[in-house]
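The lines below spell out each chain.
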Amino acid sequence: MASPSSLSVDLSQAFVMAPPGLGEWLVILPPALMITAGALLMMMRHRVDRHGFIAIPALVALVLIDAALLWKVSTGGPVTMMMGRWLPPFGIAFTVDVLGALMALVSALAGLAAGIAALTDISDSGRRYGFFPFLMLLMAGVSGAFLTGDIFNLYVWFEVLLISSFGLLILGSEKQQIDGALKYAVLNLIGTTLFLISVGYLYAIFGTLNMADIALKAREINGAPLMTLSALFILAFAMKAAAFPVNFWLPASYHTPRITVSALFGGLLTKIGIYALLRVMVMLFPVQREELSLVLAIVAVLTMVLSGFGMLAQNDLRRMAGFAVILGIGNMLAGIATGTMVGLSGAVLYALHSILAMTALYLVIGRVKALTGSWTLSAGGGIYSMAPGFAFVSLALFLAVAGLPPFSGLWPKIMLVKASVDIGAWWLAAGILISGFLATIALGRTFLLAYWRPAPESAASVIAGPLTQDRLAAVAILGLAALIVLFGLFPEAPLSLSQQAATGLLDPQSYVRSVFPQGGAQ
């Protein structure tokens, strides 16, 4: 009888034997870097004066890593890293394609801008409460969600960013913040619970949570189970993305935290829900997406148009920005509803634009408060005479948010309208145009009242001065504005990358081959 030590074990049947290459390490570096930086900041919680010297270089490194990762996948195809060396589908896969890398990079740019603005916006008290560690944890959750290839791991990263967002939302412990945090927490926890239920149902049907494996097996299954599962996923992700009718939590909570936190939330968090819808409904369940496309289109129109009226009804600039975030979500849902190459490319392109534009919009509103002493339109005025350069930058940003030329919001709007007309959904195209018109009126009114109108006599007498006096806020706003202008004037590279991302969703063969080089799970 052979001794246990003499038995031959073929580890290649269970483990990845080849050492990971540099490109594979790039896949997990973004969340690992952010978690490490957050832990280091926690260890230095009594030295808040040094937090910026750790957080900003970490965010710069995150941008560089994501840029390298995007270059890697755009030139060489998707990359997969298996945790613990377990072969798929049993190990947890981190799989990155152009869509994931592109979203991660633009999110990192927005996070860097918010981090720079926070150096002056967040006081020592806010730093002691943990702003920068929470920021690192939030970026870890955002990066992990975009880079994972396992749907339960996607849920885990949702939880990571949700926990960190709770901490950021109540930073300062003011009554208004607690009220906003409660509304935010309850609705997001319901959405997270629905997501977890959907994941359990998914595993019961497929026996796997690996996205590439599900994409292969979903072709062989059809009928009621997948329709029910798809409806659950749409509801869960619609709550995360703040789509109608489960979007009322966003304008009730995003105006309560520090403006830098609102900028992070407005730019990043709702886009995670859109990304999840793209990944699950387009790549994994395209047949079910087609069958539910009318529902998605109706939700998109209602989300866009009602949020446009919501923008017009607001006196508080932060609430108006919240409805602007929701309006953008409606545009992205319209692209998903069409399901075509042009529509999906437009949805991806709009998501990239919205990440930059919404982050910049909230930071600009924070500067308006510093200049006028008020968050409201009724009490504002005189900004053009005080800071004409800032007024010019703000006008460019307002035009971009409204989707007007020559800025970044124009091109995805054109693509979404074309995709809607191509499938005969003229009413969807009309919804996109009407919502853009409403946003233009709302933002034009904002510029006339807050910028062009003379300052009322009752305005605060102590005003912060020109934009250039707050140099760190200026760097953040001008950096985002420059990206938005370049995006609009030279759209070739973003358009090409968004088309690559849409191609990867519609034809996930390269994604599957990255996980299963031999052609599928055994």
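Located above this text is the structure these notes cover.
First, a word on scope: everything that follows refers to the structure included in this document. The structure displayed is predicted, hence computed values, not measured ones.

## Digging into the overall build of the chain
Part 1 of the argument: Each helix and strand counted, the chain has 22 helices and two strands in total.
Part 2 of the argument: The C-alpha radius of gyration of the chain comes to 23 Å, within 12% of the 24 Å expected for a compact globule of 522 residues.
Part 3 of the argument: Here the chain holds 522 residues, and the buried ones make up 59% of them.
Part 4 of the argument: When the accessible surface of the chain is split by element, carbon and sulfur atoms take 69% of a total near 19,800 Å².

## Observations regarding the pairing of strand β2 (residues 93-96)
Part 1 of the argument: Here β2 shows no split at all, with A93 and T95 on one side and F94 and V96 on the other all buried.
Part 2 of the argument: In this sheet, β2 lies alongside strand β1 (residues 79-82) in antiparallel orientation, the contact comprising four bridges. By the bridge assignment for β2, M81 is matched with F94.

## Observations regarding the pattern of salt bridges
When the charged atoms of two side chains with opposite charge come close together, those side chains can pair.
Part 1 of the argument: Considering all chains together, one arrives at seven salt bridges under this definition.
Part 2 of the argument: One salt bridge in this structure joins R47 and D49, with 3.4 Å as the shortest N-O distance.
Part 3 of the argument: Owing to a relative accessible area of 36%, R47 belongs among the partly exposed residues under this scheme.
Part 4 of the argument: Residue D49 is classed as partly exposed on the basis of its relative accessible area of 43%.

## Some thoughts on the packing of aromatic side chains
Part 1 of the argument: Counted according to the given criterion, the structure contains 20 aromatic pairs.
Part 2 of the argument: Judged by centre distance (5.0 Å) and plane angle (85°), the ring pair of F131 and F132 falls under edge-to-face.
Part 3 of the argument: Using a relative accessible area of 0% as the deciding quantity, one classes F132 as buried.
Part 4 of the argument: Centroid distance W249 to Y254: 5.8 Å. Interplanar angle 70°. Geometry classified as edge-to-face. Accessibility assignment for this pair places W249 and Y254 in one class, buried.
Part 5 of the argument: Among the aromatic residues, ring-to-ring pairing joins F152, Y155, F158, F195, F233 and F237 into one connected group.

About the criteria used
Residues numbered from 1 in each chain as written. Predicted model: local features only at pLDDT ≥ 70, side-chain atom pairs only at ≥ 80, totals over all residues. Heavy atoms only, no water. Helix = DSSP H or I, 4+ residues; strand = E, 2+ residues; numbered from the N terminus. Rg over C-alpha atoms; globule rule 2.2 N^0.38 Å. Buried < 20%, exposed > 50% of the residue type's maximum accessible area, 1.4 Å probe, protein only. Areas by Shrake-Rupley, 256 points an atom, 1.4 Å probe, with all protein chains shown as cover. Pairing = 2+ DSSP bridges. Salt bridge = Lys/Arg side-chain N within 4 Å of Asp/Glu carboxyl O. Phe/Tyr/Trp six-rings, centres within 6.5 Å; stacked < 30°, edge-to-face > 60°.

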